[in-house]
Amino acid sequence: MTLSYKLFLRSKVKHPLLAKSYKKFIFATSSTLFVFLVFQVWSGSIPLYQGKITSDRTRSLRDLNNREDMLTRRAQIDSTCKLFPNMSEALMTSKWLVSRKHNFLYCPVEKVASTFWRRFLHQLEYTNPMRSPFDISAHHIYSHIDTNTSVYETKNQLAQLLHKSIKLLFVRDPFNRLFSAYVDKLLAPNPIFWRIWGVRAIQQFRSTPKGGQAKPACGDDVTFGEFVSLSVSPVGQLDHHLMRIVGLCSPCYVNYTIVGKMETFARDTGLLLRHLDINESDLHLDRMSDDVTKDAVEDSVLDAMSPTWMNKSLGCISKDDVIARIWRKLQIRGFISWRIDPQMAPENVRDINGALLTDLLKMAVLASTNRTELSIQKSQALLEAYSTLAENQFDSIRRVYDMDFKLFNYNSQPEELSPTRLAEVKHTGAFDWRKKWDLTSIL
């Protein structure tokens, strides 16, 4: 019996499935980190949530800065729109969501926290006092069509709705948005998007099969470069996951009350809550970081390890690869340290289920305490992905997402993605999930 398992048995962790099955599933590496983690949790040294109290003075100063940011952002949008007066004002209202009793309207943008805001709107509409968006599952939100929050107003009614509503739009740097879409939909085991994006990208933009040998058209091995080529193509721009924000949400026509950014997510969310007269404590924003992490782990496992998805994935890759790709996705997103690597015997891979994998991932997250290295992991993976692109692909991104760059004041030629800097990027194997990720060469 390993030392880590002995400590685990003493740790008073009350999870019957984990307690019963953990003997079979012991990590072969990073045992010191896990022993330290279990002991720390058992002893109470690592609390589950760590919130902080903000003084009224600090909150007031923060509100002032946030409102100034909103004014600056709206001024940027207004000045850019004036330069392009002939821009189409067609509204994709079928995608918008609304809470009429709270006079709140949201334009969803995929890969810009849209799942969070869909859950937020549901809780705003149906709970009083409003509960945390994380109290309702993403699966519930996407599996139930809610006509109460759909926008069905006529043209005149829509004008009134826009006039009286608090209107929310969240935006993101196009480079980061594309990278996030690739990691979440194609690197992660997702047979649905392998078929929708992967197969099409390979068919259109790969001259020969990878390795020079024919293989089933699963789309699971689509490269970042092939995905980018699809994203900027006319076909790709019909997909709302990849469409320009200017086309989805018409910021030149709709005067959004809050133009939030992923880079200032918590701050901008706090400002919206004050517009809606919602108490931050009701939503437990002090524990948002922990909720986001927990949600990311559970979401990564739920569909990927379900019988339906697993059967489809096994037609293309092994179960071992499914687990490895989930793990690497969470490493690239900065939740699990590159130093923690799962190694399982074949019989353990065969028997592992979603619940046990979720528990093991959560343990790995808690053991990943070096925030500096986690941030480096995220940046390094993005740089390695973009270093594989040709210059004409960068030109295509800038051309297609030109208005998003301009409207929301994002740099279309960031220094870190310049040809000179990308030529110097050391490749650490961020996207080779079959091998341990080794960042020692850059640390």
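Residues numbered from 1 in each chain as written. Predicted model: local features only at pLDDT ≥ 70, side-chain atom pairs only at ≥ 80, totals over all residues. Heavy atoms only, no water.

As named in an unreviewed UniProt entry, the chain is Carbohydrate sulfotransferase, taken from Biomphalaria glabrata. What UniProt states about the chain under its Sequence similarities (unreviewed entry) heading is, verbatim, "Belongs to the sulfotransferase 2 family." One UniProt comment on the chain, placed under Subcellular location (unreviewed entry), says "Golgi apparatus membrane". (UniProt positions renumbered as here; feature names shortened; annotations may be inferred.)

Undergrad: How should the side chain of Glu153 be read in this particular structure?
TA: Relative to the helices and strands, Glu153 resides in the loop between α6 (138-143) and α7 (155-164). In contact with Glu153, other than residues within four places in its own chain, are Arg100, Leu158 and Leu161. (Helix = DSSP H or I, 4+ residues; strand = E, 2+ residues; numbered from the N terminus. Contact = heavy atoms within 4.5 Å.)

Undergrad: For this particular structure, what's the right way to read unusual backbone geometry?
TA: What you tend to see is this: most non-glycine residues have negative phi, and most peptide bonds are trans. Backbone torsion omega between Asn128 and Pro129 reads 0°, so that peptide bond is classified as cis. In this structure, Pro129 sits in the loop between α5 (114-126) and α6. Of note in the backbone geometry, Asn103 takes a positive phi value of approximately 50° without being a glycine. Mapped onto the secondary structure, Asn103 falls in the loop between β1 (97-99) and β2 (104-106). The exposure class assigned to Asn103 is partly exposed, which follows from its relative accessible area of 29%. In this model, Ser250 sits at a positive phi of 45°, which is unusual for a non-glycine residue. Here Ser250 is to be found in the loop between α11 (245-249) and β4 (258-261). (Buried < 20%, exposed > 50% of the residue type's maximum accessible area, 1.4 Å probe, protein only.)

Undergrad: How should the state of the cysteines be read in this particular structure?
TA: In a disulfide, the sulfur atoms of two cysteines are covalently bonded to one another. Under the defined criterion, the tally for this structure stands at three disulfides. Cys81 shares a disulfide with Cys252; S-S distance 1.9 Å. With the S-S dihedral at roughly -85°, the linkage between Cys81 and Cys252 falls on the left-handed side. Residue Cys81 is found in helix α4 (residues 56-83), and its partner Cys252 is found in the loop between α11 and β4; the two are separated by 171 residues along the sequence. What pairs with Cys107 in a disulfide is Cys249, and their sulfur atoms sit 2.0 Å apart. What sets the handedness of the Cys107 and Cys249 disulfide is the S-S torsion sign, and at about -85° it is left-handed. Of the two residues, Cys107 is situated in the loop between β2 and α5 and Cys249 in helix α11; the sequence distance between them amounts to 142 residues. In this structure, Cys107 and Cys249 share a single accessibility class: buried. Each disulfide in the chain links cysteines that, numbered along the sequence, combine into the pattern 1-5, 2-4, 3-6. (Disulfide = S-S within 2.5 Å.)

Undergrad: Help me understand empty space enclosed by the protein, please; the structure alone is not making it clear to me.
TA: Per the stated rule, a full pass over the model turns up three cavities of 30 Å³ or more. Of the pockets and cavities examined, the largest cavity occupies roughly 50 Å³. Every residue lining the largest cavity is listed: Lys111, Pro174, Arg177, Leu178, Ala181, His241, Leu242 and Tyr401. Counted by class, the lining of the largest cavity contains five nonpolar, one polar and two charged residues. (1 Å grid on protein atoms, 1.4 Å probe; cavity = no way out; pocket = protein on both sides within 12 Å on 5 of 7 lines; lining within 4 Å. Points joined across faces, edges and corners; volume = space filled by probe spheres on them. Nonpolar A, V, L, I, M, F, W, Y, C, P; charged D, E, K, R; others polar.)

Undergrad: Got a minute to help me understand helix α14 (residues 288-302) in this structure?
TA: Spacing of three or four residues puts side chains on the same side of an α-helix, whose turn is 3.6 residues. The end-to-end C-alpha distance of α14 is 20 Å, a good match for the 21 Å that 15 residues give at a rise of 1.5 Å each. Those residues of α14 lying buried are Met288, Asp291, Thr293, Ala296, Val297, Ser300 and Val301. Its buried side turned inward, α14 meets α5, α12 (265-275), α16 (319-332) and α18 (354-367). (Expected span 1.5 Å × (residues − 1).)

Undergrad: Teacher, can you tell me more about the environment of Thr293 here?
TA: Residue placement: Thr293 occurs in helix α14. A residue is classified by how much of its surface remains accessible, and Thr293, at 17% relative accessible area, is buried. Spatially, the C-alpha atoms of Thr293 and Leu330 are 9.5 Å apart, while their sequence positions differ by 37 residues. Excluding anything up to four places from it in sequence, Thr293 contacts Phe335 and Val365.

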